[in-house]
Every structure is written in structure tokens, then in C-alpha cells.
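Given next are the chains, with one letter for each unit.
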Amino acid sequence: MDGAWSAAAVRRAEAQLMAQLPPGTLMQRAAAGLATECARILKRRNGGVYGTTVIVLAGPGDNGGDALFAAARLARRGVRVFAVPVMGERVHPVAAAALTRAGGRLVANPPRHCHLLLDGVLGIGGRPGLPGRAIDRLAAIDADTIVAVDVPSGVDVDTGAVPASAVTADVTVAFGSRKPCHVLGRAALLVGRLVLVDIGLGPHLDPHPAVRVAGDDDLAAWWHAPGPDDDKYTRGVVGVAAGSERYPGAAVLSTSGALAGPSGYVRYAGTAAEQVRRRHPEVVCTQEVKEAGRVQAWLAGPGFGTDEAALAELRHVLESPAPVVLDADALTLIGEYPSVLSQREAPVVLTPHDREYERLYGSPPAEDRGAAAAVLAKRLNCTVLLKGHHTVVASSDGEVWANPTGRPQLATAGSGDVLAGFMASLLASGMSGVRAAVAAAYLHGRAGGIAGAGHRTVTASDIAKALPQAVGQTLSAADTPGKRR
Ligand SMILES: NC(=O)C1=CN([C@@H]2O[C@H](COP(=O)(O)OP(=O)(O)OC[C@H]3O[C@@H](n4cnc5c(N)ncnc54)[C@H](O)[C@@H]3O)[C@@H](O)[C@H]2O)[C@@H](O)CC1
Ligand SMILES: [K+]
């Protein structure tokens, strides 16, 4: 498991590491990594480094220091460097001297165009928002590529909120670890491609990051691969209570998602049974939840309706001792009748988008989306998967996960039905609520990437079809094979 660490946690780790090293070592490591990445970009875009133009927007602190030291390294390779102090004349004095010695210049008025602009205005010491001069400079310079140093300046580093102006980067070169702004909220949209530079911080970081980020190895370790003694029942039976005469598609799509998961048996209960049977002959269909027989996990909600009959079916689902995923119309019903959740002991995963969140919580999610998911999870004693361009999962005890996969193409009708069905299958196979939510978001995002490769448009059915390949790629990429049951 990887993660993102708060500014305070990074500073604590840095302090420990710095105490073991000669002064300035860490900044030189950061600057070296930054200069290498800039040279790579310049070479790729311009055929070489020599003779290109780089402008540095330099703030007063160590973030500006990193940018200026990196620019000094580039200046020594023949890059024309112009550094602009953006907070009065205050800049890191030693780094500024190094730049001038290397042939770079500190100027008030840089050229209008540059091949690469280095955003060294604010790093982890920055409060949200940009100083006025930085905003003016950014607007006046036409840069082929904007590289943010550590974080895009102006964002709220610890939450990913962007309450005021901030830099939009093409590439962000982060030092030592990710920070929450790299993976959460609107800030994550400003990061561009994230490059991590190892400065030796790893062993000093708190083992519990502020935000957890799953990787292939986690997925492989959590995955329940069938063993030689397994049959369709022991692999987990998943029940899908979704769709209606009016919305049969939701039933078809959520069962597609469930079929792509690791469980061995999918039951469908609802009034779209005929359509489900036609599309998926392997699904065992009944008209009502109470006829469905035993399952190890339920999904309820997509295309379900919000009338009396739907509420009755939801109550039946919640009476079962199995873990449950609640999506779409089930979330609306929970918002109206929160008491239906109160007797429940088995795990529940809720998968709201922002409007559904508002129905459940009473107000829209805060810009700090990790905290927003966590407060709802705590209040309802459930796992919450808050959908968005960067989906977040929170457990009722405050653990927050950011999903690193996923693309804007996933925002397509029915995509959530597939996600919810797939998640229920993971739950039925024996994964915990949090892991099932994290793993489902991860693999669904990856499936969206596979289905949308080459800028292809993507439908929810395409995502469902690509899920088995996403699973295969993820398990093959991991160091550890899937766990045997
Ligand atoms: N300490 C170290 O040895 C290392 C530090 N690193 C760099 O140091 C950075 C942190 O540096 P600093 O702690 O000096 O802080 P910053 O460079 O982020 O900020 C500097 C100062 O800007 C002012 N400021 C903050 N927000 C503002 C706003 N919105 N408008 C106007 N002024 C504002 C404050 O006075 C703040 O102290 C990291 O992000 C990273 O780039 C890296 O080089 C790794 C090693
Ligand atoms: K920055």
C-alpha cells in the first residue's frame, strides 16, 4: 500500500532524515531529480536541452529554493534561465546565488514565451491561493510545459481543496512522497502527470499515511483466487436487486458487473428478470428478494425505483445477514428512511455521487472530499465510496483511500451500475467492505482505461466487458499471486 502524507508528516520525516545528513543534502536531491525530469521534457519536446528557455516563478521559501537550484543545473547545460521573484524580492538566497553563478538571471520582466515554466511559488509551506504577482506572471507567460515543484502552488496541500487561484501543471515533480493534494479533490486535476523523486524519506514516513492509495500488489493480496476445492457456492453467491420494468438496463448492467467479479454464482431478484435472463443466461433469476435464496452479498438500488415496493425490497435485503452494497435509488430511500439501516450489523457500502451524498448527509460534500466521505461513513456506520473524477473511499473508523485509476470517460450512463455489481461480487467472495470498495474503484477505473484506449468512446457495457482484462492485468502485474482460499 502506498499513500499520501500530510505536510506536517512530511516535515517530521524530513527533520529525522536531515538530522543524519550534511546541511542542504535533501534540497540538492530534490533539485537534481527535478532538473533531470525537466531536461527529459525539454529533450522530448525540443530535441535537446541546450538553447531552450526556462522561466522560474520563485517564491520566498524552500520550494523556490528547489526550483532555483534545479534551474542552476539546467543553466549549466546551456539553458537560458530567467527567474522571477513573485513575493517582493524575497527568494532563497543561496539558491539564487547558485543560479546566477551558473549563468541564469533574476529578472522582473521575463520573456513572453518559454519552453518550460517552473512553478516554485509555494510548496508544502503554502497556504491556499496565489500571491497577486504570481497570478499576473502566469497569465503573461506562454509556456509550452508547466512543471509544478512538489505541488501546484495555490492548492490546499492536505485536503486537495482549491478555494482560490492555483497553478494548473502539466507535470508535478513531488519529493519524497505524495501529498493528499496529488490524489484528492480539484487539486488532483491540477497536478498533470505526477513524477515522484526519491529523496530517501521512505523509512522515516509514518506507517499510516493521511490518505491510502492502493496498488496492484494490494489488489493481488486481497483477491480470492479459487482453490482446487472450491465450487460455485464457496466462491461466493452474489445477489443483485436492481432494475425495474421502467429501467431494465440497470439490472442488466449491474449483473454484468457482478459476473465479472470473483464470485461463482449470480442471482438476480426483480422485475427485469426476463431481460437479465436474455442477456446473461448464467444468472439465476427470481422476481423478489425473498425468493432468491442465500447469498453472501447483496447489491440493491440501481434502477430500482423509490416507491413502496422498492422500499419493501430494500428492507428484505437489509434483513439478510450478508454484506450489502447500496447504490442509486437505494441511497435516495436511505436518505428518506435512515432508520432502515439502524438495525444492521453486517457491513454496508454506500456509493454516492455528490447529489446522493447531499440526500444522505443534508449538505453537499465539502471540498475536502476525504473528510466528507469519512464524516458520512462515521455517521451511518458504513463504508462510503464517494464518486468523482478522483473517487474516495472512507471507512467508518476514519480510514481514507484515494483511487489512483479512473478517467473522465467513466462518467457515462450505467457505469455506476457496473461498478456496484462488481463490488458486490468482491464482497461475496469474502473481501471486507473497505477493500471491496477500494478494489472495485481501482479495477473499474482500469477497465475504463482499457475500454477507452486510443481515445475510444466508452459505454458502461464496454467497461463491464473490459473488467476481466483489468483483473488479469492487475493480478499479473503484482509481485504476489492472488491468495488461495
Ligand atoms: N526542508 C527541506 O530540506 C526540503 C524541502 N523541500 C521543499 O521545501 C518546500 C517547503 O518549503 P517551505 O517550508 O520553505 O515553504 P514554501 O516554500 O512552501 O512557502 C514559503 C513561504 O511562503 C509564504 N506563503 C505561504 N502561503 C502563502 C500564500 N498563499 N501567499 C503568499 N505567501 C505565502 C509563507 O511565508 C511560507 O513560509 C517543499 O514543498 C519542497 O519543495 C524539498 O526540497 C525537500 C527537502
Ligand atoms: K510549487
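Residues numbered from 1 in each chain as written. Chains lettered and ligands numbered in written order. Predicted model: local features only at pLDDT ≥ 70, side-chain atom pairs only at ≥ 80, totals over all residues. Heavy atoms only, no water.

An unreviewed UniProt entry lists the protein under the name Bifunctional NAD(P)H-hydrate repair enzyme, with Glycomyces lechevalierae given as the organism. Per its UniProt entry, the protein bears the Subunit (unreviewed entry) comment "Homotetramer." (UniProt positions renumbered as here; feature names shortened; annotations may be inferred.)

**A closer look at the packing of helix H12 (residues 329-336) against helix H13 (residues 354-361)**
At a minimum axis separation of 8 Å, H12 and H13 run at an interaxial angle of 20°. Classed by the angle they form, the pair H12 and H13 counts as roughly parallel. Judged by the twist between their axes, the crossing of H12 over H13 is left-handed. Contact with H12, carried on its side by Leu 331, Thr 332, Ile 334 and Gly 335, involves Glu 356, Arg 359 and Leu 360 of H13 and no other residues of that element. Broken down by class, the residue content of the contact of H12 with H13 amounts to three nonpolar, two polar and two charged. (Axes fitted to C-alpha atoms, helices over the stretch in contact; angles between N-to-C directions. Helix = DSSP H or I, 4+ residues; strand = E, 2+ residues; numbered from the N terminus. Parallel < 35°, antiparallel > 145°, perpendicular 65-115°, else oblique. Left-handed = near helix turned anticlockwise from the far one by under 90°. Contact = heavy atoms within 4.5 Å. Nonpolar A, V, L, I, M, F, W, Y, C, P; charged D, E, K, R; others polar.)

**Quick notes on the site of ligand 1**
Taken together, the neighbourhood of ligand 1 is formed by 23 residues, with Asp 62, Asp 66, Gly 123, Arg 127 and Asp 150 sitting nearest. Within the contact set of ligand 1, a nitrogen atom lies 3.3 Å away from a side-chain nitrogen or oxygen of Glu 14. The set of elements that each furnish at least two residues to the shell around ligand 1 consists of helix H1 (7-18), helix H2 (25-46) and helix H3 (62-75). The class makeup of the residues in the shell around ligand 1 is 11 nonpolar, six polar and six charged. (Near = heavy atom within 4 Å. Polar contact = N/O pair within 3.5 Å; in protein donor to acceptor, adjacent residues only side chain to side chain.)

**Re the coordination of the potassium ion (ligand 2)**
Summarising the metal site, the potassium ion (ligand 2) is bound by the protein donors Asn 63 (OD1), Asp 119 (O), Leu 122 (O), Val 149 (O), Val 151 (O) and Ser 153 (OG), whose distances to it range over 2.7 to 2.9 Å. Classification of the site at the potassium ion (ligand 2) rests on its six donor atoms, whose angles at the metal span 69 to 168°, yielding the label irregular. The motif formed by the donor residues of the potassium ion (ligand 2), counted along the single chain, is N-x55-D-x2-L-x26-V-x1-V-x1-S. Residue Asn 63 is located in helix H3, and its partner Ser 153 is located in the loop between strand E6 (142-149) and strand E7 (171-175); the two are separated by 90 residues in the primary sequence. There is no split in this pair, since Asn 63 and Ser 153 are both buried. (Donors = N, O, S within 2.8 Å, 3.2 Å for Na, K, Ca; no water. Tetrahedral: all angles 85-135°; square planar, octahedral: opposite > 155°, others 65-115°. Buried < 20%, exposed > 50% of the residue type's maximum accessible area, 1.4 Å probe, protein only.)

**A word on the pairing of strand E14 (residues 297-300)**
The alternating pattern of E14 places Ala 297 and Leu 299 on one face and Trp 298 and Ala 300 on the opposite face, and all of these are buried. For strand E11 (residues 237-241) and E14, the ladder comprises four bridges, and the chain directions are parallel. Across the sheet, the residue bridging to Val 240 is Leu 299, located in E14. Here three bridges tie E14 to strand E15 (residues 324-326), and the two strands are oriented parallel to one another. Within E15, the position partnered with Trp 298 by the bridge is Val 324. Between the parallel pair E14 and E15, the chain is carried across by helix H11 (residues 308-319), and the sense of this crossover is right-handed. (Pairing = 2+ DSSP bridges. Right-handed = clockwise from strand over helix to strand, strands pointing away.)

**Quick look at the nonpolar core**
In terms of nonpolar packing, the biggest core is built from 58 residues, with Trp 223, Tyr 268, Phe 422, Met 423, Leu 426 and Leu 443 touching the most fellow members. Here this core takes 12 residues from helix H16 (residues 433-451), the largest share from any one element. Sequence-distant contacts of Met 423, that is, excluding residues within four places in its chain, are made with Val 325, Val 349, Thr 351, Leu 385, Ala 436, Ala 437 and Ala 440. In this structure, Ala 35, Ala 187, Leu 190 and Val 197 belong to the second largest nonpolar core, which totals 57 residues. (Core = buried A, V, L, I, M, F, W, Y, C linked by side-chain atoms within 4.5 Å.)

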